[in-house]
Amino acid sequence: MTNPSLLILPGDGIGPEVMTEVRKIIDWFGAKRGLAFDVSEDLVGGCAYDKHGTPLHDDTMAKAQDADAVLLGAVGGPQYDTLDFSVKPERGLLRLRKEMDLFSNLRPAQCFDALADFSSLKKDVVAGLDIMIVRELTSGVYFGEPRGIFDEGNERVGINTQRYTESEIARVARSAFDLAMKRDKKLCSMEKANVMESGILWREVVTEVGEDYPEVELSHMYADAGAMQLTRWPKQFDVIVTDNLFGDLLSDLAAMLTGSLGMLPSASLGAPMANGRPKALYEPVHGSAPDIAGQGKANPIACILSFAMALRYSFNQGEEAARLEGGIETVLANGLRTADLMGPEGGTPVSTSGMGDAIVAALDASL
Ligand code: IPM
Ligand code: MG
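Being a predicted model, the structure only gives us computed values, none of them experimental.

Our next topic: the overall build of the protein. Within the protein one finds twelve helices and 14 strands. Against the globule reference of 21 Å for 367 residues, the protein gives a C-alpha radius of gyration of 20 Å, in line with a compact fold. Of the contacts formed within the protein by residues at least 6 apart in sequence, a portion of 74% connects residues at least 24 apart. As displayed, the protein offers around 15,700 Å² of accessible surface, 51% of which is attributable to carbon and sulfur atoms.

Below is the structure:
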């Protein structure tokens, strides 16, 4: 039998250096757990633009469509800020999401015990926090037509359109209910049904889908109130489902509850492929952090946790994913800290590669 294929797109900024650490983890699972992958690497974002004049070459797009899973680092950097909108690094990422039809974006916000002091909120508000935001990723205002900057009379007008079909809402709702069934059976849906028709439809369709999940306790919240409740008492939530733009905002907010953006992974999932695996792309929530790129300061944990999500959601290896997450917990409990995690209580400073090596050592110790 051939090994499952993994396409790695390190991207820009700190992407390549955190991905180097993920490669160590992938190699470890191949050598020690008999979980070998056929790994190939390619360009996305600014580095792809530099080489090909486009942030995502058609060949790379085709490879992503064929891969069993895609692992992405980060895209973007100040040197690309002045590029035409159509070839900005972010367009490469958005094209991957859209053409792979990755409609369900899972963004966990989990607070590691060793880092509970690190949040800007009080420790008892965040300790033990474990919530999952399911963000719709292929529609809404990110993609709706009409869009553009147009002349209107003697001034310009900027237009984007929030648009959701019933089926788009239903499929992401279903993925959120399925997830809730595997967790605490609690789902909160967030929109702005008080001011937006797309929000009214969102609420109706989520409620209809919920009829198939009588065991899940469904609630609805306006997204602004949701933001407020997320900072007030985040532990009231288990799974949250929301649209593309609200999900973008709320997931950054939820991420910071846990102390560091450098800790959070994500999975973007689509429909099942012929082999039964979902179309899937995994990436850290943090960006390319150009200010610290190439200095060995970046925290590789979010990207390594993204690979753990790949083990769980693409390759049905929940136990091995838990082994990897456990290894990370051990390393943090032992006080190892990359620069972003260095709080007033101190710790042992480690570089990007030092953190990767320590996680490999913790994996060895787990055998
Ligand atoms: C995210 C990012 C992206 C988004 C950008 C880089 C296009 O903020 O994944 O949250 O807005 O979706
Ligand atoms: Mg974002």
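Side chains that are three or four residues apart share a direction in an α-helix, a result of its 3.6 residues per turn. Compared with the 24 Å implied by 1.5 Å per residue over 17 residues, the 25 Å span of helix α6 (residues 166-182) between its first and last C-alpha is a close match. Along α6, the residues that are buried comprise E168, I169, V172, A173, A176, F177, L179 and A180. Buried residues of α6, viewed axially, fall in a sector of 160 degrees; they line one side. Within α6, the exposed residues directed more than 90 degrees away from the buried face are S167 and K182.

So, on to the site of ligand 1. Ligand 1 sits among E90, R97, R107, R135, Y142 and D248. Within the side chain of R135, an N or O atom sits 2.9 Å from an oxygen atom of ligand 1. Y142 is positioned with one of its side-chain polar atoms (N or O) 2.5 Å from an oxygen atom of ligand 1. For ligand 1, whose free accessible area comes to 320 Å², the fraction covered by protein is 74%. Residues belonging to the shell around ligand 1 are distributed by class as follows: one nonpolar, no polar and five charged.

Cut-offs applied
Residues numbered from 1 in each chain as written. Chains lettered and ligands numbered in written order. Predicted model: local features only at pLDDT ≥ 70, side-chain atom pairs only at ≥ 80, totals over all residues. Heavy atoms only, no water. Helix = DSSP H or I, 4+ residues; strand = E, 2+ residues; numbered from the N terminus. Rg over C-alpha atoms; globule rule 2.2 N^0.38 Å. Contact = heavy atoms within 4.5 Å. Areas by Shrake-Rupley, 256 points an atom, 1.4 Å probe, with all protein chains shown as cover. Expected span 1.5 Å × (residues − 1). Buried < 20%, exposed > 50% of the residue type's maximum accessible area, 1.4 Å probe, protein only. Arc of directions from axis to C-beta. Near = heavy atom within 4 Å. Polar contact = N/O pair within 3.5 Å; in protein donor to acceptor, adjacent residues only side chain to side chain. Nonpolar A, V, L, I, M, F, W, Y, C, P; charged D, E, K, R; others polar.

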